[in-house]
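The residues making up each chain are set out below.
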Amino acid sequence: MEQLLILDEDCLPLLLAELLKSSIKEDKEIAKECVRLFLIDPKTNSGFFFPRSIQNQCAPIALTFCGLFRKATDEDGQQLYYSCRETLVFIPKSIAFSNRTRYFGVAKKGLSLPVNRDDLEGGGNPCYLVEIFQFHCEFSRLVINLKQGLRCLEAAIRDAGSKLKFNTGWWSLFLSVLKDLHSISKIYSNGEERLSAAFREYPLAINYLIRHLKRGDDHLWLLKYDSAIDFESRRHLVLMMFPEVQDDNEKLHKLLIDRSHLFKESFELIAHVKPKSLHSGIFVEFKDEVATGRGVLREWFLLVCQALFSPENSLFVACPEDRHRFFPNPAQLKPEQLNLFGFCGRVIALALMHQVQVGSALDRVFFLQLVEEELSLEDIRCADPIMYRSCKQILEMDADFVDSDAMGLTFVREIEDSGSRKTVELCPGGNNIVVNSKNREQYVHLLIQHLFVKSISAKVAYFARGFADILCKRRLAKSFFQAIDLKGLDFALLGDDTPILLKDWKAHTMYDGYRETDEQICWFWKVVEGLSMEQQRELLFFWTSVKYLPVNGFSGLPYPLTIYKTSGSDERLPSAHTCFFRLSLPHYLSLAITQQHLSFICQRHVGCSFGFV
């Protein structure tokens, strides 16, 4: 080691590089042979002169040679340059894991120090001080170049707007550099903050890059910089974890469903097929019905989810204060019923993949277990308000009152099993452990774990497994839920449940055969204005098969809404082409007739059927 240091400090690499330029053939060969002592053969990844125990110590000399030969124009110099690069890649792979950890540990320690050459000389391994300092300076230089690139991209976006052509090859390389900088930034203090500040300074460029990313999981690191990422970009990153839905119907998994056996047939055609057969997307038709397309697909998703989360099937429990939010039923189920949770996971994942809102969302106690996070008392507030208030009271009661055993509580829980009630111990010997002021927090914790974790863990696992079946890579399931967060998942599954704005609805509606000022159109909007919120949603669903709008309202729908003029008598009801968001409205002769027919199709049993299409 000492000899290697002397060779490096005495400028041996520089002298050998100069000798390689000699016009005397023997001198050139001697120089080349000496240089190769420190390098490997790039063709065979072998030929190292030094024993394995000190190979890693050759890295500084190989790095110096790499710089000396980087601009070489002669064949010998270029070959040595490539050998230098291969050597620098080979050394960390070849040394023992413990040495490798120490090797990078030294770099980490050095990079953690202030960027000051004098300070660096006092710590770390002297063999790597120069390289550590160079590495640190190189990172700073790259951050400056990064900001310059982002600044240029933002200027181009502002100048060209939507007409800016995305150069996939060039910007892919730029993103690769960003990813490497992200990895390096974690090595030393304030590195991540410097990179994050650069992202926050140019959010327009960062979001532009994200929205042009290709599918895969290589870009999930960007989610760590959420302060610079807007909602749509985050949503784009998350949705790229799913396969891309194919436009070619021949590649889609086809479902022909009998409405009278919708749940059973859907289960058979989704739960029992290989996951890869679903990765291109699904195509749904109802038996004896001519309607096809995305409207039918959206209706099928809604109907299947209504069945999955309905009280009749007892698979899920609705939150008392939010009937759109569900968690698995803690009651015991038959083993074969667990497969229904796997089916549910696949359906929810497919709905997200097809970007269809299903009108049902997951409660926090359910979501946190998919993320593999521990539940607290506050997390059960929505799922079981009564249990929440009871536990809150126990924790806030006067200590002397709790210690008096006036509550008569022990570490047990009563459950109903096959029509009879029985007690279950929350911990070994729980029947004999009295709840007091010192152990009440543990009691509440165990009670929550037993009711909302242990009793539903198998159901959550089956759901997660089914959900993972649909992702590009199964291992992304946990990352998906971590990335989207509960609020984002709510928007994706429910849409926006705020009241529909009639002004916005009218602004995003087009007319074919009618004019906005025609009395039939004026009557139409007057009737819509007088409908209840639920009736308006049923009309919107009849028209588009979308009941809850995207976060950005009507502008977030894939197509503009159209009211199409159709002929026929006053007895004819409106019909809908949901694939294209087109409502066919007959030329009614009065407000009363318009109101009568619109009120009829706003009934739930009519709005959920597309027999008029």
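Residues numbered from 1 in each chain as written. Predicted model: local features only at pLDDT ≥ 70, side-chain atom pairs only at ≥ 80, totals over all residues. Heavy atoms only, no water.

Chemist: Requested: an account of the packing of aromatic side chains, with residues and values cited.
Modeler: Aromatic rings considered in pairs are described by the distance between their centres and by the relative angle of their planes. The final tally for this structure, using the stated rule, is 29 aromatic pairs. Where Phe38 meets Phe65, the ring centres are 6.1 Å apart and the plane angle is 50°; that geometry is what we call tilted. Highlighted residues: Phe38 in the loop between α3 (25–36) and α4 (59–69) and Phe65 in helix α4, separated in sequence by 27 residues. Look at Phe38 and you get buried, because its relative accessible area is 4%. A residue is classified by how much of its surface remains accessible, and Phe65, at 0% relative accessible area, is buried. When the ring of Trp300 is compared with that of Phe301, the centres are 5.0 Å apart and the planes differ by 65°; the resulting orientation is edge-to-face. Like Phe301, Trp300 is buried. By way of ring pairs, the aromatic residues Phe242, Phe309, Phe316, Phe326, Phe341, Phe366, Phe367, Phe463, Phe467, Phe480 and Phe481 are connected into one cluster. The ring of Phe286 has Arg259 sitting right over it, with the charged end atom 4.0 Å from the ring centre. Above the face of the Tyr564 ring, Arg582 is positioned so that its terminal group lies 4.4 Å from the ring centre. (Phe/Tyr/Trp six-rings, centres within 6.5 Å; stacked < 30°, edge-to-face > 60°. Helix = DSSP H or I, 4+ residues; strand = E, 2+ residues; numbered from the N terminus. Buried < 20%, exposed > 50% of the residue type's maximum accessible area, 1.4 Å probe, protein only. Lys NZ or Arg CZ within 6 Å of the ring centre and 35° of its normal.)

Chemist: Could you give an account of the side chain of Asp518, with specific residues and numbers?
Modeler: Looking at the secondary structure, you find Asp518 in the loop between β8 (509–512) and α23 (519–530). On the basis of relative accessibility, which here comes to 17%, the residue Asp518 falls in the buried class. Within polar-contact distance, the side chain of Asp518 engages the backbone nitrogen of Arg515 at 2.8 Å. (Polar contact = N/O pair within 3.5 Å; in protein donor to acceptor, adjacent residues only side chain to side chain.)

Chemist: Lay out the pairing of strand β11 (residues 582–586) in plain terms, naming residues and giving numbers.
Modeler: Of all the five residues making up β11, four are buried; the element is thus mostly covered by neighbouring parts of the structure. Connecting strand β10 (residues 575–577) to the antiparallel partner β11 that follows it, the hairpin turn spans four residues, and Phe581 within it adopts a positive phi of roughly 55°. (Pairing = 2+ DSSP bridges.)

Chemist: Outline the pairing of strand β4 (residues 322–328), supporting the account with residue identities and numerical values.
Modeler: As defined by bridge partners, strand β3 (residues 316–319) adjoins β4 across four bridges and the pair is classed as antiparallel. Bridged to Cys319 within β4 is Asp322. Bridging between β4 and strand β5 (residues 361–362) involves two bridges; their strand directions are parallel. Bridging from a neighbouring strand, Arg325 pairs with Ala361 of β5. Chirality of the crossover, the property in question, places the unit of β4, helix α15 (residues 338–353) and β5 among those that are right-handed. (Right-handed = clockwise from strand over helix to strand, strands pointing away.)

Chemist: Now, about the sheet that holds β5: what can you tell me, with residues and values included?
Modeler: What the three strands build is an open sheet, ordered β3-β4-β5; its pairing is mixed. Two strands lie at the open edges of the sheet, namely β3 and β5, each paired on one side alone.

Chemist: Now, about the packing of helix α17 (residues 385–396) against helix α19 (residues 440–454): what can you tell me, with residues and values included?
Modeler: Relative to each other, α17 and α19 sit at 165°, their axes nearing to 9 Å. Classified by the interaxial angle, the pair formed by α17 and α19 is roughly antiparallel. Considering only the axes of α17 and α19, their crossing is left-handed. Along its contact with α17, which presents Met387, Cys391, Ile394 and Leu395, the element α19 presents Arg440, Glu441, Tyr443, Val444, Leu447 and Leu451. (Axes fitted to C-alpha atoms, helices over the stretch in contact; angles between N-to-C directions. Parallel < 35°, antiparallel > 145°, perpendicular 65-115°, else oblique. Left-handed = near helix turned anticlockwise from the far one by under 90°. Contact = heavy atoms within 4.5 Å.)

Chemist: I'd like a rundown of helix α13 (residues 262–271), residues and numbers included.
Modeler: Turning to α13, its buried residues are Leu262, Phe263, Glu265, Ser266, Phe267 and Ile270. Next to the buried residues of α13 lie β1 (253–257), β2 (282–286), α14 (294–308) and α15.

Chemist: Which residues make up the environment of Leu370, and what are the values?
Modeler: Residue placement: Leu370 occurs in helix α16 (residues 364–370). Once residues within four sequence positions are removed from consideration, Leu370 is found in contact with Leu362, Val460, Phe463, Ala464, Lys478 and Phe481.

Chemist: Run through the pattern of salt bridges, naming residues and quoting values.
Modeler: Per the stated rule, a full pass over the model turns up 22 salt bridges. A salt bridge links Lys32 to Glu29, with the nearest nitrogen and oxygen atoms 3.7 Å apart. Linking Lys32 with Glu29, this pair stays in helix α3, spanning three residues, or about one helical turn. A relative accessible area of 16% means that Lys32 is categorised as buried. What makes Glu29 partly exposed here is its relative accessible area of 39%. Salt bridges sharing partners connect three or more residues here, namely Glu29, Lys32 and Asp76. (Salt bridge = Lys/Arg side-chain N within 4 Å of Asp/Glu carboxyl O.)

Chemist: Explain the sheet that holds β8 residue by residue, including any values.
Modeler: Strand order in this open sheet of four strands is β8-β9-β11-β10, and the pairing throughout is mixed. Edge positions in the open sheet fall to β8 and β10, since each of these has one partner strand only. On average, each strand axis in the sheet is inclined to that of its neighbour by 25°, with strand direction left out of account. On top of the sheet, α23 reaches β8, β9 (561–566) and β11; it is set at about 115° to β11, its chief contact.

Chemist: Please give an account of a negative patch on the surface that cites residues and values.
Modeler: On the surface, Glu244, Asp247, Asp248 and Glu250 cluster together into a negatively charged patch. Looking at the secondary structure, you find Asp247 in the loop between α12 (231–239) and β1. (Patch = residues over 30% accessible without salt bridge, like charges linked within 9 Å, V, L, I, M, F, W, Y side chains within 5 Å. Areas by Shrake-Rupley, 256 points an atom, 1.4 Å probe, with all protein chains shown as cover. Lys, Arg positive; Asp, Glu negative; His and termini not counted. Charge placed at Lys NZ, Arg CZ, Asp CG, Glu CD.)

Chemist: Describe the packing of helix α2 (residues 12–19) against α4, with residues and values.
Modeler: Two numbers describe how α2 lies on α4: the axes approach to 9 Å, and their chain directions differ by 40°. The way α2 lies across α4 gives a crossing that is right-handed. Judged by residue contacts, Pro13, Leu14, Leu16 and Ala17 of α2 engage Ile61, Thr64, Phe65, Leu68 and Phe69 from α4. Classifying every residue of the contact of α2 with α4 gives eight nonpolar, one polar and no charged. (Nonpolar A, V, L, I, M, F, W, Y, C, P; charged D, E, K, R; others polar.)

Chemist: Pulling in residues and values, what's your account of the confidence of the model for the protein?
Modeler: Confidence in the prediction of the protein, expressed as mean pLDDT, is 82, and 85% of residues score 70 or more. Low pLDDT, under 50, characterises residues 96–127; the predicted model gives this stretch 42 contacts beyond four residues in sequence or across chains. Throughout residues 607–613 the model reports pLDDT below 50, and contacts reaching past four residues in sequence, or to other chains, amount to 24 contacts. (pLDDT = per-residue confidence, 0-100.)

Chemist: Go over unusual backbone geometry with me, naming the residues and quoting the values.
Modeler: Phi at Ser314 takes a positive value of approximately 55°, unusual for a residue other than glycine. Position of Ser314 relative to the elements: it lies in the loop between α14 and β3. The phi angle at Glu372 is positive, at roughly 65°, despite the residue not being glycine. Tracing the chain through its elements places Glu372 in the loop between α16 and α17. Taking the relative accessible area as the measure of exposure, Glu372 reaches 59% and is therefore exposed.

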